[in-house]
Each structure stands twice: as C-alpha cells, then as structure tokens.
Amino acid sequence: MAASLAQTYGCFIDGEWRSIGEQFPVFDPTTQERITTVYDGGPEAIDESIRSAQESLERWNGLSAQDRGEILSGVANALRSEKEHLAKVETRESGRPLSESRYLVELGIDNFDYFAGLADKIEGKTIPVSGDRLDYTLQEPLGVTGHIIPWNASFVLASRSIAPALTCGNTVVAKASPETPLSLLEMARIANEAGLPDGVFNTVAGDGARTGAALTNDDRIRKLVFTGSRATGETVMKAAAENVVPVSLELGGKGPCIVFPDADIEQALSDMVNVFMNTGQICFATTRLFVHDDIYEEFINEFAKAVSELEYGPGIEDHDLGALISAEAQNNVDSMVKQAVSNGGRVLAGGELPDSTGHFYPATLVDEVADDALISCEEIFGPVLTAYRFEDEESVIKRANDTRYGLSAALWTGNLSRAHRIAEDIDAGTIMINEYPAVFTAAPFGGYKASGIGREKGVQALDHYTQTKNVSVSIGSSRSWSGDKERDPT
Ligand code: NAD
C-alpha cells in the first residue's frame, strides 16, 4: 500500500505549515508520477525559520538537560509509532526497496533515542590551575544550527545531525533536498506533535542555489552541517568562512574493499552483495573491489553470478534494487560504464541500460579497468562495482589509498594481525573488517581527506554542537598579579 501524503506540503516553521514561495512537484522515480507538490520557501522561508529558531533558543536551552532528553525520547517514540508510514514515504520519493527504507528509518529513530540519552551527560571539567582558584569549563550550545540534507537517505542523514544539535540545546533550521523532501518534513511535523516546542526544529525544502545559499550565507546561523557532494561542500565551507562559523562536512567516497585468500570466502561474497544497497547510492559504498590473485578467477566468477541474480523493480515491491533517483543519475551511470567498456573494461554482470519507465540500472560488475580510469576514481553513485587483482598487502594498501576520498574501507581476512595492520594503514574514517555494512549509531562516522570534516554519531558528535566556556573563580586570599607566572594575560 502506498504512503498517504498531503496533496501539498508547506514549509514547517514555528510549529506550523506555511505556504511561502513557489510550489514544485516531487516525482516518484519508479513511475514518474507526481507524488505531491512542496513549497520551495526560498530566502523568505529561511529568514522566517531562522527568526523562529532564534526566538525559541532560550526556551529550549533553558530547559533542564533531563527535560530536553525526555522530550527527545518522546520524539523517538512518536517517530517509531509512524515508522511504517515513514519507510513508505522514503521508498516512494527515493525509489528505494522498502526493507532498506525500514532499516534506514529505524537507524534514524535510533539517533533520536541515542542522543536523547546523552542530554544529561554533557559535562565540563575542573582544571587544576595555579593558586587558590576553582577553574572549570561549561559546554554550551552554539545557537541556531543550519543543516543541509541530500536526497540519498534523507531521514537517517537528517536525524544524524539534528538529534545531537537539539540534545545540546541548539535550535535547528533544516534544508531538505528538492528530490526527497517528504520524510524530513514529516520528521519535523511528528517531532513537533510529540512535544518539541514550536520553532525549535524548522524545515524548508528547496533548491540549493537559492534556498540552500540563503541558509549558508546567513550570519545568524552559528553552525553549518552539510551532507552532500564535494563540490557543494566547498561552496558551503566558503560561506561558513565568510561568517566565521564552524562547519561539518560529510562528503563523497570511493572506498576500497579487499579480499585476501585467507578470508571466509562465503562470508565475503554474501557481504559484498550489500554494497549494492540503496542501488549503490550510498556515500560509504566500497565500490573498488580488490581480490588477491590466488583466488581472483574463482571469487570473481562466483560474485558475478550473485550480482547477475540481483533483481531490480519498484521499491514498494521490495526487490534487491530500486530505481535511481533521476534520469540524469541513470544516464551518468550508463555513460561511466560505457566509457569503461570502450577503454577495454570487461562487463561481468549487468551493464545494460534497460528500456523501462523507472530510472532502473542493473547491478553491474566490471573488471580490467585501470586504477586511474574515470570509473575507478569518480564516485558513480549507482549499482556498479569495479574489480582489480592484487598480489601483495603492501601494493594493495597503496592502491586502496590512491584516491582523494577517505570515507570507508572494507576487508576480509582470517589473519588478525593483518586485519589490524591494514586498519591502521588505510586512510579512511570507517574500516569494516569481515562484514559489510558496519556503521552504528554509537560509533563515530566521517571522512578523511576530501570525504569531509568532523565526525557525526557517537559521543564525539557532541563536540560539534557545543562550545567550551572556561570559568575561573578566585577562592583564596592572595589575588595579586605579581609572582603568579602561570596566569596568562592573553
Ligand atoms: P549535492 O551536493 O548536490 O546536494 C546536497 C544538498 O546541498 C542538497 O540539499 C542541495 O539542494 C544542497 N545545495 C546544493 N547547492 C547548494 C548551495 N550552493 N548552497 C547550499 N546548499 C546547496 O549532493 P546530492 O547529490 O544531493 O547527494 C549526493 C552526494 O552526497 C554524494 O556525493 C554522496 O557521497 C554524498 N553523501 C555523503 C554522505 C556522508 O555521510 N559522507 C552521506 C550521504 C551522501
């Protein structure tokens, strides 16, 4: 059954739907049907959202940490009670297989649960400075935070930054992507109905150049969180620099996965199929597959067989793969594969653009491409893996690291020492050993190199949504400056 949706979605500002700006259609990438229309509120809606988020700041961070935690826990419960609806909304707008949407929605709700539990555990320190003084730190919120969300997994990616920002006492203005705005707008509505005060969490859907830029350029925003492509990340970082605002960037990836001959091959083969999750539209997808020469032929034949058995179809029918987000994405994937083939690449599975209404592309495996071929270097963001042979550990680490990205890597080996050695040597923020995927709410996630700045998830994420205040209290009789060399006048 399809998700029930409003005919038109406004901007969610100050606890209510507002019809600001122009309406734009949201299409189902499977059927090309118009699902609904949404207001792109543009700069006016962003301005009102920021004003509302500013006005509600004191009310929100003035609550006790326990009360904030309780409200956020209530938000998690309310989202959970609508999880099937949310999963269907995500599948409808993104084309993703329903069971994957259910999994990602559950992960998104976990973010609210996890950070709700941390609300009363945000602690300062006492510092042993010289003299009779009590010196301590306070972790304080930053203010109004701006969150720019991509289309590929809106619900979980939005909750990943919004939940910790709220936990720390900040308020939120989120910019939803025009391709998949609905699950984030629904999240804002449900959170508000669950007791989050009006104005604490505002959401505006819209394009990047106007609506997104209005958010990133506004000097009332005290923290920017961006998830998306490297190119847009650069633009957001420049805007943050103009206003001297801290920025977290979660960008793209081109992760390696490496299979050694001593691995549990059955396990590696079945894990590897998961790289096609979300039809390959996942930033941490490890799409460069390195297989040791000794097992290459056997492994790759088995894997090609498994890949060709993956079926695509409407997300709501829950096939292995759904539709890609747009015709443009589909054409991009197809042209990358065609270019690889024209340069000598061998297609072992998939590789044919189907004649279908939806933006489908089959699960595809290509080998015999050079390490510096376009398909080996650029993020494909589609269901395509490229395979390479390797001979020894040293050379495969070098090749695995030969990318501007550093988001994730996966390896399969039965040798414990090798596993830890490689985990240390690979330049990536997440290393998955003997399973894929392995990303958790409590474990930090983020990129090395051009894959980003900062870490989301885990306790570490709280650092990005607080600022440190140092307080020094004289509690002794001697307060004279002279002879107190440790006191720093700067
Ligand atoms: P994108 O950069 O095109 O858009 C991301 C968001 O930025 C959208 O909401 C868009 O409207 C907005 N935007 C565009 N131009 C803007 C501007 N000038 N100012 C402000 N906002 C602007 O990315 P996408 O195509 O939506 O997402 C796919 C990319 O995201 C891939 O590269 C993928 O790897 C990356 N991604 C990274 C992570 C991660 O955690 N590292 C997670 C998911 C996706």
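Going by the structure above, here's the rest.
Residues numbered from 1 in each chain as written. Predicted model: local features only at pLDDT ≥ 70, side-chain atom pairs only at ≥ 80, totals over all residues. Heavy atoms only, no water.

J.: How would you summarise a nonpolar patch on the surface if you had to cite specific residues and measurements?
T.: On the surface, a cluster of nonpolar side chains totalling about 250 Å² of accessible area is made up of Leu134, Val473 and Ile475. By secondary structure assignment, the location of Leu134 is in strand β7 (residues 133-141). (Patch = residues over 30% accessible without salt bridge, like charges linked within 9 Å, V, L, I, M, F, W, Y side chains within 5 Å. Areas by Shrake-Rupley, 256 points an atom, 1.4 Å probe, with all protein chains shown as cover. Salt bridge = Lys/Arg side-chain N within 4 Å of Asp/Glu carboxyl O. Helix = DSSP H or I, 4+ residues; strand = E, 2+ residues; numbered from the N terminus.)

J.: Tell me about the packing of helix α1 (residues 42-55) against helix α8 (residues 208-216), residues and numbers included.
T.: Following both chains from N to C, one finds α1 and α8 inclined at 30 degrees, their axes separated by 8 Å at the closest point. Judged on the interaxial angle alone, α8 and α1 are roughly parallel. With respect to the hand of their crossing, α1 and α8 are arranged in right-handed fashion. Two secondary-structure elements touch here, α1 through Gly42, Pro43, Ile46 and Ile50 and α8 through Arg210, Thr211, Ala214 and Leu215. Grouping the constituent residues of the contact of α1 with α8 by class yields 5 nonpolar, 2 polar and 1 charged. (Axes fitted to C-alpha atoms, helices over the stretch in contact; angles between N-to-C directions. Parallel < 35°, antiparallel > 145°, perpendicular 65-115°, else oblique. Left-handed = near helix turned anticlockwise from the far one by under 90°. Contact = heavy atoms within 4.5 Å. Nonpolar A, V, L, I, M, F, W, Y, C, P; charged D, E, K, R; others polar.)

J.: Help me get a handle on the pairing of strand β5 (residues 34-40), residues and values and all.
T.: Where burial is concerned, most of β5 is hidden: 6 out of the 7 residues are buried. The pairing of strand β1 (residues 8-9) with β5 spans 2 bridges and is parallel. By the bridge assignment, Thr8 is partnered in β5 with Thr37. Where strand β4 (residues 22-27) and β5 come together, 6 bridges link them in antiparallel fashion. Bridge pairing in β5 places Pro25 opposite Thr37. Connecting β4 to the antiparallel partner β5 that follows it, the hairpin turn spans 6 residues, and Gln32 within it adopts a positive phi of roughly 70 degrees. (Buried < 20%, exposed > 50% of the residue type's maximum accessible area, 1.4 Å probe, protein only. Pairing = 2+ DSSP bridges.)

J.: Which residues make up the layout of surface pockets, and what values go with them?
T.: In this structure, the largest pocket encloses a volume near 1100 Å³. Pro150, Trp151, Gly228, Ser229 and Thr232 are the residues nearest the centre of the largest pocket, which is lined by 41 residues in total. When residues of the lining of the largest pocket are traced back to their parent elements, those giving at least two are α8, β11 (221-227), α9 (230-242) and α12 (327-342). For the lining of the largest pocket, the element with the highest residue contribution is α9, accounting for 6 residues. Its residues assigned to classes, the lining of the largest pocket comprises 19 nonpolar, 14 polar and 8 charged. (1 Å grid on protein atoms, 1.4 Å probe; cavity = no way out; pocket = protein on both sides within 12 Å on 5 of 7 lines; lining within 4 Å. Points joined across faces, edges and corners; volume = space filled by probe spheres on them.)

J.: So, the sheet that holds β7: which residues are in play, and what are the values?
T.: Strand order in the open sheet formed by 3 strands is β6-β7-β23, and the pairing between neighbours is antiparallel. For this open sheet the edge positions go to β6 (126-127) and β23 (466-474), each flanked by a neighbour on one side alone. Taken together, the 2 bridges between β6 and β7 define a ladder with antiparallel strand orientation. Bridge pairing in β7 places Thr126 opposite Tyr136.

J.: Now, about α8: what can you tell me, with residues and values included?
T.: Taken together, the buried positions of α8 are occupied by Thr211, Gly212, Ala214, Leu215 and Thr216. Where α8 starts, the residue carrying a side-chain oxygen 3.3 Å from the main-chain nitrogen of Arg210 turns out to be Asp207. (Polar contact = N/O pair within 3.5 Å; in protein donor to acceptor, adjacent residues only side chain to side chain.)

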